[in-house]
Amino acid sequence: MGRAEERRARQRGGHRAAPPTRSSGTPSEGLATGGRAAARKAAARGKKGGKNGKSGIRRLFTWKKILGTFFAFCLIGIGAFIVMYMMIDVPKGNAAAQEQSNIYKYSDGSVMAREGDTNREIVDLSEVPKQVQQTFVAAENKSFYTDAGIDLKGTARGLLNTLSGKGKQGGSTITQQYVKNYYLDQDQTVSRKLKELVISLKVDREKSKDYILAGYINTSYYGRGAYGIQAAAQDYYRVDAQKLSVAQGAYLAALLQAPSQYDWAVATPTGKKLVQERWNYVLNNMVEQGWLSKTERAKMTFPVPKEPKAAPGLEGQKGYFVKLAKQQLEKQMVAKEGITQDEAEARVENSGWTITLNIDKKKQAQLEKAVKTQLTSKLDPKKRAVDKNVQAGAASVDPRTGKIVALYGGSDYTKHFYSNANRTDYQPASTFKPVILAAALENNSETEDGKPIGANTVYDGTSKRQVVDRDGDKVGFAPENEDDQDYGKQVTVQTAMNKSINSVFAQMGVDVGMDKVLATATKLGMDTGKLRPLPAYTLGTMGASPIQMAGVYATLDNHGKQVTPTIIKSAEQGGTAYQMPDPIGEQVISRETADTVTSVLTGVVNDGTAKVSVAQNPDRDGRKVAGKTGTSDDNKSAWFTGFTPDLVTSVGLFGEDYKTHGQSKMYNTAGLPRVNGGGFPAQIWAAYTFGVAGKNTKFDLDTDQGAAVQPTWTPSPSATPSETPSETPTTEKPTETPTETPTTTAPSTPQNTPTTSPPVSVPPSSPQNTTTTPANPFDPAADQ
């Protein structure tokens, strides 16, 4: 047999031993040769098997083994569930037993308010109209009357989300939600979800559907501190549950999905849109189920709820304190524990918290006195209708600790539910200008002709000057200075800040880059959301609250270390302290930048728009002060945010129509032509600050720029306007409801004298600028 025949024999399986070849020699040599052949054949088989990688896997993973393993797991799971079902009993209801009053204290430990008992009144299901009952079924669980009380698919999805850390996801039946509300708790754990599943099956077997539905609508949380349908009916529509209409019931049913987001009184435009969509969804489901006729459905209009009413004992400023404290505690829970806003709200309401606030009684009393003496005592609503529409808000912060030591939310929480200290639906106007300067200094920015931007950098102060980019091209933005005042073509940044010259800061914002300006604003504590880097924002046309602006200026006062204002000194539940974040954060801008801006802002007080109200105030007593005024277009808001070395306070006045709560103009308030930031806001600030701030402190500034270290250079001795508007004429509709959180050398020659004298400050009869303001940056429907 030749070699070819040997190979063929091996390929056939090697059943016949190959005879010795001619070179085989002795029989023993032939055996050795055959052994080597067999070894080569085995190696070839192993190599082939290793190459394909199939034979071993096939032996390990056969269909029989896979199916067997699957069924084994199923049997184990079923067995485990049976064991759980046998071992877990329906517990006694504990929701009502766990709810307690919350106690709020001043910083000195004295009790300020006690909030509770639980706002709930249990009603029998027979007291709720049948169609109103059905709105909840249509909203949450259309198969409620026929299912076994659980949704396996939804529960499985919830378990997977919990295991993967994705948080809460809907899908629970009404029975499961009732069990969670009444028998268990809101924790997002696997054990709690498994208990919920077992107890829901047992409750559905042992109780009637009406019993379960009654328990569900009586234990659910509807927002505004209201538990149960009766409390919700009273809070949202001022009627008992038995008098709710189907449309009203559909709103309350829709509300359960996201009470804090869907409460019409405080909802954002997006929230309002979503709750109306949810309301329509509920009613359409009722038609689909045959519970409501198409004719009745077609006649229904969205039932706008009543405004919230304050709880007893929260009159005056107390309600604003409590509301802010709860918001900040809930926000921390959401961030720290990964729960939803609604879950956090339910955890805080009536849950036995003891919360000590940072509010200082003495400072608080002085702030309230300042608002009364400097503003409200001068308003006469009977004589002037506009005086009914003026709202004041203020927040005072210790820059070293971040503590909110005093706060003014409005005339009375029981009369004006929205906190003016925390509202973000009005523009901060020219109080935003220091942020632009901070961005320029922090980024070592240069002017369009390559000069470093500093306190003494020269800009063109001509009114309506076209802003240009780096290439010298016009960007389509030419803001007007107040009263169309020209300040000449050589104006220093210091003078521009003192006089609040719009044309200078509009150009500076483009020189720096509006993306960098907004990034700096975010670092300093402003909520810039999804704002696009538009030049118009140089005029402060975004929304901001007094608390936010106090935080921005406190960060400047704190030499660039971020300050997040907080009203909570400590929070504990059942003797266990809850860890709140440190109000003092990281260094977000350099000390030199922060101190330079502070130095420049002293010029606004000593030689600018706040000179009369603050610098020349007889109670100043030598205190060092920095600050900035601001007045928005159409006189809808006016601000003064200022600080001494140890206290930062932001005061805002807002025109709010007392009937519609939309934004309104403040012209002729208290008989004055216009409300400017250097007027009432600065006067309130001075009356408060000079009554409580330390007297012997001074700014410790690491800078050689600005009015605090250099003589102020003014354009001319002629009169200057008291304030500059900080927004171009707007075409937006008024907001309907508030939302609740390098050194350079000074020029050797004086600058040009303004070409015109400032006219008398009177309300303009027509828009003073032909440029168009961008769409509302906080409107989710706008292109941002």
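Cut-offs applied
- Residues numbered from 1 in each chain as written.
- Predicted model: local features only at pLDDT ≥ 70, side-chain atom pairs only at ≥ 80, totals over all residues.
- Heavy atoms only, no water.
- Helix = DSSP H or I, 4+ residues; strand = E, 2+ residues; numbered from the N terminus.
- Buried < 20%, exposed > 50% of the residue type's maximum accessible area, 1.4 Å probe, protein only.
- Areas by Shrake-Rupley, 256 points an atom, 1.4 Å probe, with all protein chains shown as cover.
- Axes fitted to C-alpha atoms, helices over the stretch in contact; angles between N-to-C directions.
- Parallel < 35°, antiparallel > 145°, perpendicular 65-115°, else oblique.
- Contact = heavy atoms within 4.5 Å.
- Nonpolar A, V, L, I, M, F, W, Y, C, P; charged D, E, K, R; others polar.
- Pairing = 2+ DSSP bridges.
- Expected span 1.5 Å × (residues − 1).
- Core = buried A, V, L, I, M, F, W, Y, C linked by side-chain atoms within 4.5 Å.
- Salt bridge = Lys/Arg side-chain N within 4 Å of Asp/Glu carboxyl O.
- Polar contact = N/O pair within 3.5 Å; in protein donor to acceptor, adjacent residues only side chain to side chain.
- pLDDT = per-residue confidence, 0-100.
- Phe/Tyr/Trp six-rings, centres within 6.5 Å; stacked < 30°, edge-to-face > 60°.
- Lys NZ or Arg CZ within 6 Å of the ring centre and 35° of its normal.

Let us look at the overall build of the protein chain. On a plain count of helices and strands, the protein chain comes out with 26 helices and 14 strands. Looking at the protein chain as a whole, 53% of its 784 residues are labelled buried. Of the roughly 35100 Å² of accessible surface on the protein chain, a fraction of 52% belongs to carbon and sulfur atoms.

Turning to the packing of helix α6 (residues 130–140) against helix α10 (residues 209–219), a few remarks are in order. Contact pair α6 / α10: the axes reach a minimum separation of 11 Å and the direction vectors enclose 85°. Judged by the angle between their axes, α6 and α10 are roughly perpendicular. Residues Gln133, Phe136, Val137 and Glu140 of α6 form the contact with α10, whose own contacting residues are Leu213, Tyr216 and Ile217. Counted by class, the contact of α6 with α10 contains 5 nonpolar, 1 polar and 1 charged residues.

Our next topic: the sheet that holds strand β4 (residues 390–397). Spatially, 5 strands are ordered β5-β4-β14-β13-β12 in an open sheet, and the strand pairing comes out antiparallel. Each end of this open sheet is capped by a strand with a single partner; those strands are β5 (404–408) and β12 (626–631). Each strand axis lies, on average, 5° off the axis of its neighbour in the sheet, ignoring direction. Where β12 and strand β13 (residues 637–644) come together, 6 bridges link them in antiparallel fashion. Bridge pairing links Thr631 to Ala638 in β13. Strands β4, β5 and β14 (647–655) of the sheet are contacted by helix α18 (residues 361–374), whose axis makes an angle of about 30° with β5. Sheet contacts for helix α24 (residues 591–607): β12 and β13; angle to β12, the most-contacted strand, approximately 65°.

Taken in spatial order, the 5 strands line up as β2-β1-β3-β9-β10 in an open sheet, and their pairing is mixed. The strands lining the two open edges of the sheet, one partner per strand, are β2 (111–115) and β10 (576–577).

Next up on the list: the pairing of strand β1 (residues 102–105). Both β1 and β2 contribute to a ladder of 4 bridges, which runs antiparallel. Note on β2: the bridge partner recorded for Tyr104 is Ala113. Hairpin connection between β1 and β2: a loop of 5 residues separates the two successive antiparallel strands, and Gly109 in this loop has a positive phi of roughly 95°. Across 3 bridges, β1 lies against strand β3 (residues 353–357) in parallel orientation. Within the sheet, the bridge partner assigned to Ile103 lies in β3 and is Thr354.

Our focus in this paragraph is α24. Here α24 spans 24 Å end to end across 17 residues, near enough to the 24 Å set by a 1.5 Å rise per residue. Counting buried residues along α24, 14 of its 17 residues qualify, which places the element largely inside the surrounding structure.

With that out of the way, let us pick up the nonpolar core. Counting residues in hydrophobic clusters, the biggest one holds 87 residues, and the most contacted among them are Leu329, Ile355, Leu407, Met508, Ile567 and Leu601. Residues in contact with Met508, not counting those within four places in the same chain, are Ile436, Leu437, Ala440, Ile453, Tyr459 and Val493. If you look at the next biggest cluster of nonpolar residues, it comprises 49 residues, including Val179, Leu255, Leu283 and Met286.

The next subject is the pattern of salt bridges. Oppositely charged side chains can pair when the atoms bearing their charge come close. Overall, the coordinates contain 26 salt bridges when judged by the stated rule. As a salt-bridge pair, Glu140 and Arg278 come within 3.3 Å of each other at their nearest N and O atoms. With Glu140 in helix α6 and Arg278 in helix α14 (residues 269–289), the pair connects residues that are 138 residues apart, well separated along the chain. Judged by its relative accessible area of 13%, Arg278 is buried. The salt bridge involving Lys464 is made with Glu480; its shortest N-O contact spans 3.8 Å. Taken together, the positions of Lys464 in the loop between β6 (458–459) and β7 (491–492) and Glu480 in the loop between β6 and β7 put the pair 16 residues apart, joining distant regions of the chain. Classification of Lys464 as partly exposed rests on a relative accessible area of 40%. Residue class for Glu480 comes out buried when judged on its relative accessible area of 8%. Salt bridges sharing partners connect three or more residues here, namely Glu448, Asp460, Arg465 and Lys489.

Spacing of three or four residues puts side chains on the same side of an α-helix, whose turn is 3.6 residues. The buried fraction of helix α19 (residues 433–442) is high, at 9 of 10 residues. Listed as buried for α19 are Lys433, Pro434, Val435, Ile436, Leu437, Ala438, Ala439, Ala440 and Leu441. For α19, the elements touching its buried residues are α20 (493–499), α21 (502–512), α22 (514–524), α23 (546–557), α24 and β12.

Let us now look at the side chain of Thr492. Checked against the element boundaries, Thr492 lands in strand β7. Residue classification places Thr492 among the buried positions, given a relative accessible area of 1%. Of note is the side chain of Thr492, whose polar atom sits 3.0 Å from the side chain of Thr495.

What follows covers the packing of α23 against α24. Running from N to C, α23 and α24 cross one another at 110°; their axes reach a closest spacing of 8 Å. Relative to α24, the element α23 lies roughly perpendicular. Within the contact between the two elements, α23 uses Tyr553, Leu556 and Asp557 and α24 uses Ala594, Val597, Thr598 and Leu601. Its residues assigned to classes, the contact of α23 with α24 shows 5 nonpolar, 1 polar and 1 charged.

With 73% of its residues at a pLDDT of at least 70, the protein chain reaches an overall mean of 81. Within the model, the stretch residues 713–737 combines pLDDT values under 50 with 103 contacts to residues more than four positions away or in other chains.

On to the packing of aromatic side chains, then. Enumeration according to the criterion identifies 19 aromatic pairs in this entry. Relative to Tyr413, the ring of Tyr320 has its centre 5.3 Å away and its plane inclined at 85°; by these criteria the two rings are edge-to-face. Of the two residues, Tyr320 is situated in helix α16 (residues 318–337) and Tyr413 in the loop between β5 and α19; the sequence distance between them amounts to 93 residues. Of the two residues, Tyr320 and Tyr413, both sit in the buried class. Arranged with centres 5.7 Å apart and planes meeting at 80°, the rings of Phe643 and Phe699 form a pair that is edge-to-face. Taken together, the residues span a long stretch of sequence, with Phe643 in strand β13 and Phe699 in the segment after α26 (680–692) at a distance of 56 residues. The exposure classification of Phe643 matches that of Phe699, with both residues buried. Sitting over the ring of Phe144, Lys209 keeps its end group 4.7 Å from the ring centre. The side chain of Lys336 reaches across the aromatic face of Tyr578, ending 4.7 Å from its centre.

A separate point is the environment of Lys369. Relative to the elements of secondary structure, Lys369 occurs in helix α18. With 318 residues separating them in the primary sequence, Lys369 and Ala687 have C-alpha atoms 8.5 Å apart.

You can see Asp398 is positioned in the loop between β4 and β5. Using a relative accessible area of 15% as the deciding quantity, one classes Asp398 as buried. Setting aside residues up to four positions removed in sequence, Asp398 forms contacts with Lys403, Val405 and Asp646.

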